[in-house]
Amino acid sequence: MESLEIPTFQPRLRVLNREQALAIHGAALEILEKTGFKMEHPRALKMLADRDCEISDGDWVRMPPHLVEEALKSAPKQISLYDQKGAKAIDLTGENSFYGTGSDATFTRDVETGERRRAVLKDVGNFATLVDGLENIDFAMSMANPEDVPIDDIYVYVFAEMVKNTTKPIVFIADSGRDIAKIHEIASSVVRGEEELQRKPFILNYSEAISPLRFPENVMEKLIFCAQKQIPLCLPSGSNAGGGAPVTLAGAMALGIAENLVGLVVHQLAGKGSPFLFGPNVSALDMRSSVVCYGCPEWSLTQAALADMRDEIYGLPIWAFAGASDSKVVDAQAGAEAMFSIITALLSRANLIHDVGFLEYGSTSSLEMITMANELIAMSRFYVKGIPVNDGTLALEAIERVGRGGPGSIFLMDDHTYDHFMEALFLPKLLDRSRYDAWKDESAMDLYKRCNMETKRILFEHEVAPKADVVLKEIEHILKRT
Amino acid sequence: MSDFKGLTEAVIKGDIQTAVAETQTALDAGANLQDILDKGLIAAMDQVGEKFSTGQMFVPQMLRSAKTMQECMKLIKPLFQEDELATKGKVVIGTVRQDLHDIGKNLVAMMMEGAGFAITDLGVDVSPKDFTQKAQEVGADIVAMSALLSTTMPAMRETIEALQEAGIRDKVKVMIGGAPVTENFASEIKADSYAPDAGSAVIAAKKLLSIS
Ligand code: B12
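Cut-off values and rules
- Residues numbered from 1 in each chain as written.
- Chains lettered and ligands numbered in written order.
- Predicted model: local features only at pLDDT ≥ 70, side-chain atom pairs only at ≥ 80, totals over all residues.
- Heavy atoms only, no water.
- Near = heavy atom within 4 Å.
- Polar contact = N/O pair within 3.5 Å; in protein donor to acceptor, adjacent residues only side chain to side chain.
- Helix = DSSP H or I, 4+ residues; strand = E, 2+ residues; numbered from the N terminus.
- Buried < 20%, exposed > 50% of the residue type's maximum accessible area, 1.4 Å probe, protein only.
- Contact = heavy atoms within 4.5 Å.
- Pairing = 2+ DSSP bridges.
- Domains from an automatic or database assignment.

Participant: I'd like to hear about the site of the ligand, residue by residue, with values.
Facilitator: Residues in close proximity to the ligand total 45 residues, the closest being Glu208 and Gly362 of chain A together with Leu100, His101 and Ser150 of chain B. The site occupied by the ligand is bordered by residues of chains A and B. Contact between the ligand and Thr106 of chain A: a nitrogen atom at 2.7 Å from a side-chain N or O atom of the residue. Within the contact set of the ligand, a nitrogen atom lies 2.8 Å away from a backbone nitrogen or oxygen of Tyr361 of chain A. Among the elements of the structure, α5 (103–114), β3 (142–146), β4 (173–177) and α9 (198–208) of chain B are those that each provide at least two residues to the shell around the ligand. For the shell around the ligand, the leading source of residues is α5 of chain B, giving 4 residues.

Set out below in structure tokens:
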């Protein structure tokens, strides 16, 4: 008998047709050409003026579509991030998806007491260690805005702390051209040289323009720095429906994409061919509480739409969010919202997915939430793999054996089961499927409690590959200078 | 004439056309200006605030009511003699130095204006000096600061110090807010008041100036 070779369809979500995608893109171009934007960085303004942009009122810019076309052509379609030992870890291209944490939360839920308190530098270290120890979390962000470091260099301290506590790639924040240079210095030191960092970057900068349509000087300073040093960067703008942008999702996307395209154009003018991760953050402002949501279906929907636009038009890898919640504690709401965004991000093939572990609309971080998300990501990845159909999985021989095997013959005993169960089924670690009595005997723990224990176990047992002494010394030196 | 029911209802509904017409009718009938303002417009906005905080109204509906009130004010304001218009108090508001978040601040400003405060909005990235100068210039009763970044929270303290140095700290009340700001932080930097959202900002402001 011939063996079956059928390609596996992998479940995929689509939310826009080609006409919709083109119409939103067209609206974005129209915003840039007709409405324009405010460019507060003198050199960026000059670059745009030199390239057919129309300038009025000092820094108001109107941009012709052909600049966008050029930038889309020169920006690389693939971005690779490496771990800190130089192994390729994140290949941002096509349909690959990677999850990581978020930055800057003001508060954290203490893992020992459960209390909500201001975050400190030690928390940044703990978050990085946890990320390092979880197999489905692919990159680290700070998760905290610690109160116990000098404010002027907060992002430098936070970066150093992450470097010390994980080997995975890092997505970092900086304030301006000043601190980003120091962060770049630390990163260069980790891989022993600026060229090596350029060749195998383990860092990506997350900066934000200001919706609607404003590009501050310090933000463009960072963007130009990254373009010239070839540090991958993304530049979402906070075009949230009803907040920084129109309440209707199409308009909010058009605005956010327009803002992203400005970033992309300046970026490619400053460093042609430098890596730019595309994508606005289009969440929604809640019309009762006025918070900008981190657990709403709107954000998941707009990023799925952006994935379709990537496939139809842009071809650049995209930035996304998942695994976060507006709930104040890790409860049923947090689980529901986290899972909703995690699975849809994967089903729509978002590429670099951040904010895993946020509670309270991004104000509070939670270690347990990340541990839980790690399992939810595993579940989602299992689902998206689809159903391979071939001789082995159709298992006709096993059916024959067991079917005709007489009384007592069961699939559980068959070799086919033994050989395949590991990849054929999803085997949860934290989601509880134990029988009632077993559950009760294990002190009737809920998922939160199990995540809490697992988190503590990882923080206690997981060993992060230590950095070389020279690197640590150089980091101390750079921090002292700050 | 003391019944402003039609006007109040129109403001609550956010029906600009009807509200403006009702205002004109009241003016034509010779109603007292301060009464139209207090018993008509502001009374309506008080109800709006109440409905919003109990979840019966959404943010855009509340803002439409505020806009409706502003349109009515356009008819009334020119008829007041200078200084005769009794506002609830003068508020200088802004987002602090190096902070560019303005959506929350704008919302607070709109709500306070709706409640009858006279607002001077300094925008974003406002230095302690600019807050102080403006407060002096307009004779502010309240200086209201917004910060969304923990890195810009210290600018709130500096602004309070600047008010102190300019010798006007005891003449103004200081209100602060924004996502990372807490009650504790407010008392730590000796601000007079903190509020977690726009609705409670109005209540807090009224309390500060002992008005209802
Ligand atoms: C939208 C947004 C932006 C937009 C802002 C657009 C704009 N025009 O304002 C953009 C994209 C520009 C932006 C930029 C940045 N942001 Co931002 N942003 C947000 C976000 C998602 C929502 C804020 C918002 O508008 N909420 C809606 C409004 C209505 O609510 P609100 O601001 O909280 O205001 C209410 C109350 O706080 C209160 N209130 C507010 N002000 C006042 C004042 C007074 C007197 C009173 C009484 C009450 C009061 O009443 C308001 C109405 O109810 C928050 C996260 C979040 N969900 O809160 C992050 C967040 C605030 N940003 C953050 C960060 C880190 C940044 C950046 C540094 C990111 C970067 N990598 O560059 C930059 C900094 C820019 C700068 N220099 O200011 C962090 C702050 C962390 C921290 N602890 O410091 C947050 C918490 C996100 C996160 N977890 O990382 N951001």
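Participant: Quick rundown of the environment of Cys72 of chain B? Include the residues and the values.
Facilitator: Residue and element names in this part refer to chain B. Along the chain, Cys72 falls in helix α4 (residues 59–76). In this structure Cys72 comes out as buried when scored by relative accessible area, which is 0%. When the C-alpha atoms of Cys72 and Thr8 are compared, they prove to be 11 Å apart, with 64 residues separating the residues in sequence. The contact partners of Cys72, leaving out residues within four places of it in the chain, are Leu7, Ala19, Val20, Thr23 and Leu41.

Participant: Summarise the pairing of strand β2 (residues 118–121) of chain B; cite the residues concerned and give the values.
Facilitator: One ladder, built from 4 bridges, connects strand β1 (residues 90–95) of chain B with β2 of chain B; its direction is parallel. From the neighbouring strand, Ile93 of chain B faces β2 of chain B, where its bridge partner is Asp121 of chain B.

Participant: Tell me what's going on with unusual backbone geometry, and back it up with residues and numbers.
Facilitator: Residues and elements named next belong to chain A. The omega angle of the peptide bond from Ser211 to Pro212 is -10 degrees, so this bond is cis rather than trans. A positive phi angle, near 55 degrees, is found at Gln230, a position not held by glycine. Unlike most non-glycine residues, Ser443 shows phi in positive territory, near 55 degrees.

Participant: Kindly report on the domain arrangement of chain A, identifying the contributing residues and their values.
Facilitator: What the domain assignment lists for chain A is domain 1 (73–384 + 470–481) and domain 2 (391–424). If you average the C-alpha positions of domain 1 of chain A and of domain 2 of chain A, the two centres end up 45 Å apart.

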